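Residue-level structural notes
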Amino acid sequence: MPSIEYTNGKAVMHKHQASDIVGLSDTSYINQWYGVKRLVGQTSTALTRIGNTDLHKVNGGLPVQSLMRRCVLKADGTVNYYLGATDSTKNSAGGNATLDGTDGHVMVEIPEHYVRFWTETVGSDTYANAAISMYALPNFKKVSKHYISAFEASMDRTNNKLASVINTTAQFRGGNNTSAWDANANSLLGRPVTSLTRAQERTYAGNIGAGWCEEPFEFMSSWRWLYIIEYANTNIQLAYNSALTAEGYRQGGLGTGVTDASSTEWNTFNSYNPFVPCGHTKSLGNQSGTVNYVATDFAGTGVNRTFSVPSFRGIENPFGHIWKRIDGVNINRTGGRVLTYVKKGVSGFVDDTATGYTYIADMPYASGYILNLMFGEDGSLLPLLAGGSSTTGWCDYYEAPGSDGWRGLLSSGIAYHGSKAGLAHAYASYEAANTSAYIGLRLCYKA
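**A closer look at the confidence of the model for the protein**
- Here the protein averages 94 in pLDDT, and 94% of its residues register 70 or above.
- Low confidence marks residues 1-26, where pLDDT is under 50. Its contacts with residues over four positions away, or in another chain, come to 70 contacts.

**Description of the sheet that holds strand β7 (residues 105-110)**
- On the basis of which strands lie adjacent, the open sheet formed by 6 strands has the order β6-β5-β7-β11-β27-β14 and antiparallel pairing. Looking at strand neighbours, the two that pair on one side only are β6 (79-82) and β14 (212-214), the edges of this open sheet. Within the sheet, the average angular offset between the axes of one strand and its neighbour, ignoring direction, is 35°.
- Pairing of strand β5 (residues 69-73) with β6, which is carried by 3 bridges, proceeds in the antiparallel orientation. Its bridge partner being in β6, C71 is matched across the sheet by Y82.
- Lying over the sheet, helix α1 (residues 198-206) contacts β14 and β27 (443-445), oriented at roughly 155° with respect to β14.

**A few points about the pairing of β7**
- The buried fraction of β7 amounts to 6 of the 6 residues, a majority that puts the element mostly inside the structure.
- Because side chains alternate across β7, one face comprises the buried residues H105, M107 and E109, and the other comprises V106, V108 and I110, equally buried.
- With 5 bridges connecting them, β5 and β7 associate as antiparallel partners. When the sheet's bridge partners are listed, L73 is paired in β7 with H105.
- One ladder, built from 4 bridges, connects β7 with strand β11 (residues 146-149); its direction is antiparallel. Across the sheet, residue M107 finds its bridge partner in β11, namely S149.

**Comments concerning the pattern of salt bridges**
- A full pass over the atoms with the stated rule returns 18 salt bridges.
- The closest approach of N and O atoms between D378 and K141, which form a salt bridge, is 3.7 Å. One end of the pair, D378, is in the loop between β21 (368-375) and β22 (380-386); the other, K141, is in strand β10 (residues 141-143), and 237 residues separate them in sequence.
- Taking relative accessible area as the criterion, D378 reaches 27% and is therefore assigned partly exposed.
- Note that R173 is salt-bridged to D182, the shortest N-O span being 2.8 Å.
- Judged by relative accessible area, which is 9%, R173 ranks as buried.
- Connected through shared salt-bridge partners, R198, R202, D327 and D351 make up one network.

Rules behind the numbers
- Residues numbered from 1 in each chain as written.
- Predicted model: local features only at pLDDT ≥ 70, side-chain atom pairs only at ≥ 80, totals over all residues.
- Heavy atoms only, no water.
- pLDDT = per-residue confidence, 0-100.
- Contact = heavy atoms within 4.5 Å.
- Pairing = 2+ DSSP bridges.
- Helix = DSSP H or I, 4+ residues; strand = E, 2+ residues; numbered from the N terminus.
- Axes fitted to C-alpha atoms, helices over the stretch in contact; angles between N-to-C directions.
- Buried < 20%, exposed > 50% of the residue type's maximum accessible area, 1.4 Å probe, protein only.
- Salt bridge = Lys/Arg side-chain N within 4 Å of Asp/Glu carboxyl O.

Put into structure tokens, the structure is as follows:
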């Protein structure tokens, strides 16, 4: 697959040869990069690790991922304090942390780092390559330090501000704000907010202060590639395995996540509102793993259901549970095509327009499991070609628009999507103004 550059709004395709790799000069940093490669169109979910093999090792390696850490971030973007590496209820000094919003928002710091996405041709094969480094190597682009909410976003209803907190008061009632359930098993207290339009989400995020937004296109792929490179596999729903390979690499995935709920049971329980409380993985700290959650009376009075809540280096529910809406992506089905327009940055977003946005490629016209991604020189995880399955290709499902018109983008999947859900799961069938009970978001901050 050729890489894509954008000139005057037009996609220009470029092929690179096998010899066009990192192109480093002879410095002490020559080997300070690591990544993965994938044969474009391959059905296997396993990726080939490339670059410095020592940097792939969990112990002493993964320099970018190892700097991901939960913190409490003030509205002005300053870190109040970092949280305990293995327990987010503590601060990094060992004292008790306050996670209810009093001290700030619980966020995951994504360190400044450098990325390169390129393709190489070897004979008749084309490989898509993704590489990261802590250094500004030739041909690498900087990813600025930014913050992604550790939890699915909450809502401070008193002040009309989004939040990333653990707070079970009525001020932070989640979902569609049904107060009649507060004392019941299906309570929305402490749950993430849903049932907002994208414009409302944008406004309530901006109400926190400058630099705050719902997760934008520019950083949508950043932390997801950190996961993909660490685990070297496109199927995040592989069984969780804390053991390392013989080489010292990460293996497996994060399990099924919160994707195995019965649609009927969920609807009866609380009308598709979120049911996993924000911060359920606080005991993991910055570690990846899963924590079981027992949903009381989920299947009827006295019938509980247990769900496995995953976290990737502090990012809770990276897939599943509820949709996470993405800003900076406008999709238009028209003339037999699904045109995709994007805008970088964390501000200036407008729904249902191409003005001020850049066309990057067409999404598939028909729904299906994703085989190839747009990729390009930004590593876009948006779908380019269907033809995979739940266990092949990218393993995640793409839902195409069902009729002509403008759409927004939803990512990750919901609690009954099963194998369809994942990091690349994309839903392009809802308008940006849709206000469903299972559509939420994740916060982002960049100065």
